Amino acid sequence: MSEQLLNEIREAKPVASPELRERVALIAVEAPAREPLLARFQPRRLLLVAPVAVVLVLLAAGAIANLPRGGTGDEEQAAVTAESSADQSVRSAPGSTTVPSESSTRESLSPAPILGAPSGAIAPSPGRLQRFQAEMRLRVADVEELSAATKSAMRIAQSLRGYVVSVQYDAPAEGVGGAQIVLRVPTARVQTALTQLSALGTILGQRIGIEDLQQPADDLTAQIETTQREIARLRARLESTTLADEERAVLQARLADARRQLTDLRTALSGTRAEARHATIQVGLTTERIEPAPVQDGRLDGLKEILAWEGTALLYVLVIAGPFVLLGVLIWLGLRFRRRQAETRLLEQN
Amino acid sequence: MTLPARRTPALSASFAATAEAHLDDVYGYLVYLTRDRMLAEDLAAETFEKALRLWKRFDPRRGSARTWLCQIARTTALDWFRAEERRRRREEAVARPDVAETDMPEGLSPELEGALASLSAGEREVIALRILLELDGEEAARVLGIRPTAVSTRLSRALTKLEERMIVHV
């Protein structure tokens, strides 16, 4: 195409007539008519806003659902612990050796303890006889550290006026080393012991159980008093001079039985009190590379859980609605293609 | 001629200035598209009416005002073509206007005018956009709703055809 021809087209550019200019000028000064509602609706804007709105709604729903209801987090935690204790008491009672009657037990399973205060949530109640048992699993770096930690654990028990019940130490030249240490420390100092022991390595897990021994001790005391009264009564009857020889022999036998029973009861009470004086701590040390359980932040975890559920629900919705959306897009593309074809045909005809 | 003072301050002010600046472009484009100067005037007026209603939506970041106005002008012209087609069908008198009946711009040589008039509206509009209004490929593509490469192809074919028709007329 020659440049001359193109210039001719450019130079012959149509110019709007004065009448048209007047018409357009009048249009420009008129107040624009308000568009109908449907004309003002812009799907493109909705597409931009909708995802943001959906995300905000989901976050808000998660936050609202995660708000504490009628109590603090501590209260909720206490409720959970109480529920746990009911189950644990059923399991613990048959295994009890010193307490024949029913007992109440509190037990905490804490896969992710709070560092520095591993048993802060559960502590023995002062003034009551309780059996306190704790298990800790700690990871140490290597065999050298295993040895040092084992010694330290024993020293901790002794420094708190406790003692070492047993130690099993296994440190092979190759492979995973480990140690199992059973310590007894005064119950009043068990928190200190746990805090110090938890510093010996990385806490992998922790289990704390508290069994109430006060009621069994009270029962034993009552039985001792009853037996003592029985002995006193038998002794008083034996002091009588009017007893027949046969009757005296029977009373003496009953007195001997009562004395034996009193001895047994006193022994049991002493054992129960001794059991309550010291807490048992089992410490498991290992060099195995086991990742500690993630620290749980209750409120954030709740939010994460809710968001995960929302994400799952959203995925379901997408799976269900996906084909329809795809079909809609295909229809839209088809209609657009058809419209453009029609426009092209229209322009070719004119 | 300058536009009179407007009643709605900022909105009308900017629109009036834009309308005046691009009136010739819109009109020229419509003349090429319709081959009818009177019709082009009517469609140009309709285009600016629509543009005024949509002026709030105009976003300069998405394209120039000239491109935006040409898009509206194209839609207006297509609506007119559709309406005209329906009317012709109703009347069962499909009578495509003869080349001789066209009203192309003044100043063109008879050969060029005849050759332009013999092109389809689609071919004329790409010549109008790229040659007459001197829009770049991107802007023309935006108006036509196609890709810039397709604009180049369409322009090349239209100019080749125009040249062939010129030879025939000569």
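Residues numbered from 1 in each chain as written. Chains lettered and ligands numbered in written order. Predicted model: local features only at pLDDT ≥ 70, side-chain atom pairs only at ≥ 80, totals over all residues. Heavy atoms only, no water.

1. Points about the overall build of chain A
- Looking only at helices and strands, chain A features ten helices and six strands.
- Approximately 21900 Å² of chain A is accessible, and the part contributed by carbon and sulfur atoms is 59%. (Helix = DSSP H or I, 4+ residues; strand = E, 2+ residues; numbered from the N terminus. Areas by Shrake-Rupley, 256 points an atom, 1.4 Å probe, with all protein chains shown as cover.)

2. Thoughts on the overall build of chain B
- Across its full length, chain B holds seven helices and zero strands.
- The buried share of chain B, reckoned over its 170 residues, is 50%.
- Nonlocal contacts in chain B, meaning residues at least 24 apart in sequence, comprise 63% of its contacts between residues at least 6 apart.
- A total accessible area of about 8300 Å² is found for chain B, and carbon and sulfur atoms account for 50% of it. (Buried < 20%, exposed > 50% of the residue type's maximum accessible area, 1.4 Å probe, protein only. Contact = heavy atoms within 4.5 Å.)

3. What to know about the packing of helix 3 (residues 65–91) of chain B against helix 6 (residues 137–144) of chain B
All names here are of chain B.
- Contact geometry for helix 3 and helix 6: axes closest at 8 Å, N-to-C directions at 30 degrees. For the element pair helix 3 / helix 6, the angle class is roughly parallel. When the axes of helix 3 and helix 6 are compared, the crossing they make is right-handed. For the pair helix 3 and helix 6, the contacting residues are Arg66, Thr67, Cys70, Gln71 and Arg74 in the first and Glu139, Arg142, Val143 and Leu144 in the second.
- Taken together, the residues of the contact of helix 3 with helix 6 break down into three nonpolar, two polar and four charged. (Axes fitted to C-alpha atoms, helices over the stretch in contact; angles between N-to-C directions. Parallel < 35°, antiparallel > 145°, perpendicular 65-115°, else oblique. Left-handed = near helix turned anticlockwise from the far one by under 90°. Nonpolar A, V, L, I, M, F, W, Y, C, P; charged D, E, K, R; others polar.)

4. Some words on the nonpolar core
- Core analysis: the largest hydrophobic core is formed by 67 residues, its most contacted members being Tyr29, Tyr32, Leu116, Ile127, Leu129 and Leu162 of chain B.
- With eleven residues, the single largest contributor to this core is helix 1 (residues 9–34) of chain B.
- Ala134, Ile156, Val185 and Val190 of chain A belong to the second-largest nonpolar core, a separate cluster that totals 27 residues. (Core = buried A, V, L, I, M, F, W, Y, C linked by side-chain atoms within 4.5 Å.)

5. Re the pattern of salt bridges
Residue and element names in this part refer to chain A.
- Under the defined criterion, the tally for this structure stands at 25 salt bridges over all chains.
- Note that Glu343 is salt-bridged to Arg339, the shortest N-O span being 3.3 Å. Taken together, the residues span about one helical turn, with Glu343 and Arg339 both in helix 10 (residues 298–349) at a distance of four residues.
- Under the relative-accessibility criterion, Glu343 is labelled buried at 11%. (Salt bridge = Lys/Arg side-chain N within 4 Å of Asp/Glu carboxyl O.)

6. Considerations on the pairing of strand 6 (residues 278–286) of chain A
Residue and element names in this part refer to chain A.
- Taking burial as the measure, the nine residues of strand 6 include eight buried ones, the bulk of the element.
- Relative to strand 6, strand 2 (residues 130–139) runs parallel, the two sharing seven bridges. In the strand pairing of strand 6, Ala134 is matched with Ile281. (Pairing = 2+ DSSP bridges.)

7. So, the pairing of strand 4 (residues 178–186) of chain A
Residues and elements named next belong to chain A.
- Counting buried residues along strand 4, eight of its nine residues qualify, which places the element largely inside the surrounding structure.
- Pairing of strand 3 (residues 163–170) with strand 4 involves seven bridges; the strand directions are antiparallel. Across the sheet, Tyr169 pairs through a bridge with Ala179, a residue of strand 4.

8. Comments concerning the packing of aromatic side chains
Residue and element names in this part refer to chain B.
- Taken as a whole and assessed by the stated rule, the structure comprises six aromatic pairs over all chains.
- Seen in terms of ring centroids, Phe15 and Phe48 are 6.5 Å apart; in terms of plane orientation they differ by 70 degrees. Their pairing is edge-to-face. Remark: Phe48 occurs in helix 2 (residues 37–54) and Phe15 occurs in helix 1; sequence separation between them is 33 residues.
- When its relative accessible area of 0% is taken as the criterion, Phe48 is described as buried.
- With 5.2 Å between their ring centres and 10 degrees between their planes, Trp55 and Phe58 make a pair best called stacked. (Phe/Tyr/Trp six-rings, centres within 6.5 Å; stacked < 30°, edge-to-face > 60°.)

9. Focus on the interface of chain A and chain B
- Chain A puts 40 residues into the contact, and the matching count from chain B is 63 residues.
- Sorting the residues of chain A by area buried against chain B places Ile9, Leu347 and Asn350 of chain A first, and these three jointly supply 15% of that buried surface.
- With a closest N to O distance of 2.4 Å, Lys13 of chain A and Asp25 of chain B form a salt bridge.
- Linking chain A with chain B are 14 residue pairs in polar contact (both at pLDDT 80 or more).
- Broken down by secondary-structure element, the contributors of at least two residues to the side of chain A that touches chain B are helix 1 (3–11), helix 2 (18–29), helix 3 (37–40) and helix 10 of chain A.
- In terms of residues, the side of chain A that touches chain B owes the most to one element, helix 2 of chain A, which gives ten residues.
- In terms of residue class, the side of chain A that touches chain B is made up of 21 nonpolar, five polar and 14 charged. (Buried area = accessible area lost by both parts, 1.4 Å probe. Polar contact = N/O pair within 3.5 Å; in protein donor to acceptor, adjacent residues only side chain to side chain.)

10. Observations regarding helix 5 (residues 121–132) of chain B
- Judged by how many residues are buried, helix 5 of chain B sits mostly within the fold: eleven of twelve residues are covered.
- Among the residues making up helix 5 of chain B, those that are buried are Ala121, Gly122, Glu123, Arg124, Glu125, Val126, Ile127, Ala128, Leu129, Ile131 and Leu132 of chain B.

11. Examining the confidence of the model for chain A
- In the predicted model, chain A carries a mean pLDDT of 78, and the fraction of residues at 70 or more is 76%.
- Note that pLDDT drops below 50 for residues 70–117 of chain A; the model gives that stretch 65 contacts with residues more than four away or on any other chain. (pLDDT = per-residue confidence, 0-100.)

12. Observations regarding the environment of Pro172 of chain A
All names here are of chain A.
- With respect to the helices, strands and loops of the structure, Pro172 is situated in the loop between strand 3 and strand 4.
- Judged by relative accessible area, which is 28%, Pro172 ranks as partly exposed.
- Separated by 29 residues in sequence, Pro172 and Val143 have C-alpha atoms that sit 8.3 Å apart.
- Excluding anything up to four places from it in sequence, Pro172 contacts Val143 and Gly177.

13. Focus on the packing of helix 5 of chain B against helix 6 of chain B
All names here are of chain B.
- Between helix 5 and helix 6, whose axes approach to 9 Å, the crossing angle comes to 145 degrees. Like other packed secondary-structure pairs, helix 5 and helix 6 cross with a definite hand, here right-handed. Between helix 5 and helix 6, the contacting residues are Glu125, Val126, Leu129 and Arg130 on the first element and Gly137, Ala140, Val143 and Leu144 on the second.
- Of the residues belonging to the contact of helix 5 with helix 6, the class tally is five nonpolar, one polar and two charged.

14. Notes on a nonpolar patch on the surface
All names here are of chain A.
- A cluster of nonpolar side chains, Val54, Leu314, Leu315, Tyr316, Leu318, Val319, Ile320 and Phe324, forms an exposed patch at the surface whose accessible area comes to about 870 Å².
- Per-element accounting of the nonpolar patch gives the leading share, seven residues, to helix 10.
- Checked against the element boundaries, Phe324 lands in helix 10. (Patch = residues over 30% accessible without salt bridge, like charges linked within 9 Å, V, L, I, M, F, W, Y side chains within 5 Å.)

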